[in-house]
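Working through the structure, step by step
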Amino acid sequence: GGSGWAPTTVPGVLDASLGASAFRGTVGWYRVTFEGPRAPAGFRWALRFDDVRRVATAWLNGRRIGTHDMPYAPFELPATGLRPGRPNTLVVRVDGRKGAEPREGWWNWGGITGPVALVPEGRVALSDPGLLYLGGGRERFDGWVSNRSSRATSAAVEVTLRAPDGTPTSVRRGLGALAPGERRRVRFDFAVRRPDLWQPRRPRLYDATVEALAGDAVGDVRRMRVGLRTVTVRDGLLYVNGRRVDLRGASVIPDVPGRGPALRDSDVAAIVGRLQALHANVTRSHLLLDQRLLSALDAAGIMVWQQAPVYHRDRLLETPAQRAAALAEVRATVLGSRDHPSVITHSVANELSVVPDRTPGTRAFLDAARERTADLDPSVPPSVDLLSYPGYPRQATYARFPLLGINAYFGWYAGKRGHSTARLADLGPYLERMRRIYPSALVLTEFGAEATERGPASEKQTYAFQAGYVRRVLDVVGSEPFMSGAIYWTLQEYAVKPDWDGGAAAAAGWPLDSIHHKGLIAYADGLHKPAWAVAAAMFAGTPLYPRTSPPAGDHAGRLARGLPIAVPAAIVALLLASLWATAGIWRLTRPTA
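The following refers to the structure shown. (Residues numbered from 1 in each chain as written. Predicted model: local features only at pLDDT ≥ 70, side-chain atom pairs only at ≥ 80, totals over all residues. Heavy atoms only, no water.)

**With respect to the sheet that holds strand S5 (residues 63–68)**
Using the following cut-off: Pairing between strands requires that DSSP locate at least two bridges from one strand to the other. Helix and strand definitions here come from DSSP, where helices need a minimum of 4 consecutive H or I residues and strands a minimum of 2 consecutive E residues; each element is numbered from the N-terminal end. Interaxial angles span 0 to 180 degrees and are taken between N-to-C directions of axes, which are lines fitted to C-alpha atoms, for helices over the stretch in contact.
Taken in spatial order, the four strands line up as S1-S7-S4-S5 in an open sheet, and their pairing is antiparallel. Two strands close off the open sheet at either side, each with one partner strand: strand S1 (27–35) and S5. Taken over all neighbouring pairs, the strand axes of this sheet differ in orientation by 15° on average, direction set aside. Strand direction decides the pairing type here: strand S4 (residues 55–60) and S5, joined by five bridges, are antiparallel. Bridging across to S5, Ala58 finds its partner in Gly66.

Here's what the structure looks like:
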């Protein structure tokens, strides 16, 4: 009908409030009228949605054109019935309601939270085209080609790469005849002469064009900015372009007050700018990042630990149908990020069972997810992020991953009975045992402490405790030469479930709210906490490429050969961090007039 509508913007959220009732979600409707563009001969239009949370159903000119029920994943719907040169009305119903499962670690934002665009599709169309660098000057095209016409069509794929210096590389691969309606996966490798590699902090990017051809006519075209780099694990250490790396950074859950994950271009620039100011060389996220943000991270030379939104889901992995749904999320996340050179791994899940060998559904999912990820993107090692409790035996399921993320809150959360994490002093021995029992490269992918109050460093929830906690954890990681990095959780605070208890608030009597307060930057006012200065100084004092490395094959834990050459810089960084932390506390707590 014509009544009850109010102006809004896309991307946007249905409800920007953080009340308990808003968390459950609601149903909202979007409507836009636009003049239909004329498509080139032989083409038709499709609608591309980058992100709708949670279920989208769309109608064009009163005709239902499709439904999509996987939040956080981009999708396309055919713009069937679009009228060129005349008014067209697109209506989208968004069901943002959510039950208790699946668990998620962020606020249940509902709405069209990513850009929407009309895209042309010809008789021969591309789906999820990827350009993947395999090393040694070898690039791979991987994607799907479909014949959308009613007759058999001779098809081909043509790829053109233009190096930063303008040098072109072109290749054309014939596919033979595609039957009407046929969809075929296409993979082929080709050589790139003198590859100019994308590197952290030196991000060299190629302009890429991929065309699907029907005979000699272009049926579909995609333009991308890609990078050539290798990511490997060797002797339990992480290498980028053949050089060992030591990751330091902070995770991101995109969430802007009043807009949630519906980012503007200025928000994207702000996130990247904060990571750069923190001297971060890596970031991490629990869900597929906005394409604009991934592209900005590509251009900034900041690496990404990209993860599928499969979290604490063991009970929802017990049946084949449940595992298929989770694998679809893994697939969508990999396909949505594999063209970005900043992405150095695809983590298939976060904090599943500590004993997957004895949890059949979880084991089956993890094995399938690892294999599927390696198939979709062989240019980076697959990974999984683990709950960290001491005392559990080695799990063969986890040992099959070349790269393991360790989520460890020793000294913050108490842990489980018989598997305590109450003492920060136990973190080093725990990491050393993980090194002994797993051949994988190890990265501390989560650690952090809530901070909202003034108070002594001995008291949890205070700014001083958080600053000291960051320093001590990074000291532990820095003293273990087998560790491949540490990523703080998180760069900035974000909204979570109502009455969130971050581990200390309830015990200390602090008021609960819906904000995750472990961030280095406050949610509402953007103030930098003192821990920011500590992390920034220590990140700046940690070389991206370590000057010393443990002997190949060493699994013995802490080495007796001494500290790295970078010790003087680290000591200076620590002194600066102490001064900056003190200044930061004063800025946060000084009285107002």
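**Side note on the pattern of salt bridges**
Definition in use: Definition used for salt bridges: Asp or Glu carboxyl oxygen within 4 Å of a side-chain nitrogen of Lys or Arg. Each residue is placed in one exposure class: buried if its accessible area under a 1.4 Å probe, protein chains only, is under 20% of its type's maximum, exposed if it is over 50%, and partly exposed if it falls in between.
One pass over the structure, following the stated rule, counts 31 salt bridges. Between Arg140 and Asp189 there is a salt bridge, and its shortest N-O distance comes to 2.7 Å. One end of the pair, Arg140, is in strand S11 (residues 138–147); the other, Asp189, is in strand S14 (residues 183–191), and 49 residues separate them in sequence. Taking the shortest distance from any N to any O, the salt bridge between Asp207 and Arg225 comes out at 3.0 Å. Here Arg225 lies in strand S16 (residues 217–226) and Asp207 lies in strand S15 (residues 206–214), a separation of 18 residues in the sequence. According to the relative accessible area criterion, Asp207 is partly exposed, its value standing at 39%. You can call Arg225 partly exposed: its relative accessible area is 47%. Three or more residues are tied together by salt bridges with common partners; here these are Asp142, Arg185, Arg187, Arg338 and Asp375.

**A few points about the pairing of strand S20 (residues 247–250)**
Judged by which residues are buried, S20 turns out to be covered on both faces: Leu247 and Gly249 on one side and Arg248 and Ala250 on the other are all buried. The pairing of S20 with strand S31 (residues 483–488) spans four bridges and is parallel. In the strand pairing of S31, Arg248 is matched with Ala486.

**Description of unusual backbone geometry**
Omega for the bond connecting Val10 with Pro11 falls within 30 degrees of zero, at 0°, which places this linkage in the cis form. Backbone geometry at Asn61 places phi at a positive 55°, although glycine is not the residue there. Take Asn61: it is sitting in the loop between S4 and S5. Since its relative accessible area comes to 25%, Asn61 is described here as partly exposed.

**Re the nonpolar core**
Counted only if it meets this: The nonpolar core is taken to be a set of buried Ala, Val, Leu, Ile, Met, Phe, Trp, Tyr and Cys residues, with the residues joined through side-chain atoms within 4.5 Å. Any two residues whose heavy atoms approach within 4.5 Å at even a single point are treated as in contact.
Grouped together as the largest cluster of nonpolar side chains are 88 residues, with contacts concentrated most on Leu278, Phe365, Val384, Leu444 and Tyr469. In terms of residue count, helix H8 (residues 463–478) provides more of this core than any other element does, eight residues in total. Excluding its chain neighbours within four sequence positions, the residues that come into contact with Tyr469 are Ala408, Tyr409, Phe410, Gly411, Trp412, Leu424, Phe447, Gly448 and Ala449. Residues Tyr133, Val186, Ala212 and Val226 belong to the second largest nonpolar core, which totals 26 residues.

**Here we look at the sheet that holds S16**
Read across the open sheet, the four strands follow the order S13-S12-S15-S16; overall the sheet is antiparallel. A strand with exactly one partner marks an edge of an open sheet, and here the two such strands are strand S13 (168–178) and S16. Shown here is a sheet whose adjacent strand axes are inclined to one another by a mean of 15°, direction ignored. Note that strand S12 (residues 153–162) and S13 share 10 bridges and pair antiparallel. Each residue of the ladder has a partner; that of Ala156, found in S13, is Gly174.

**Some words on helix H3 (residues 291–300)**
The test is simple: Here a polar contact is recorded for every N or O atom pair within 3.5 Å, except that within protein the pair must consist of a potential hydrogen donor and a potential acceptor, and residues adjacent in sequence are included only if both atoms are side-chain atoms.
Those residues of H3 that fall on the buried side of the exposure criterion are Leu293, Leu294, Leu297, Asp298 and Ala300. Contacts from the buried residues of H3 go to helix H2 (265–277), strand S21 (282–285), strand S22 (303–307), helix H4 (320–337) and strand S23 (343–350). Between the side-chain oxygen at the start of H3 and the backbone nitrogen of Arg292 there is a gap of 2.7 Å, and the oxygen is on Asp290. Positive backbone phi, approximately 75°, marks Gly301, located one or two places after H3.

**Quick word on helix H7 (residues 427–437)**
The buried fraction of H7 amounts to eight of the 11 residues, a majority that puts the element mostly inside the structure. Restricting attention to buried positions, one finds in H7 the residues Leu427, Gly428, Tyr430, Leu431, Glu432, Met434, Arg435 and Ile437. The elements touched by buried residues of H7 are strand S18 (237–240), strand S24 (382–387), strand S25 (403–407), strand S28 (441–446), H8 and S31.

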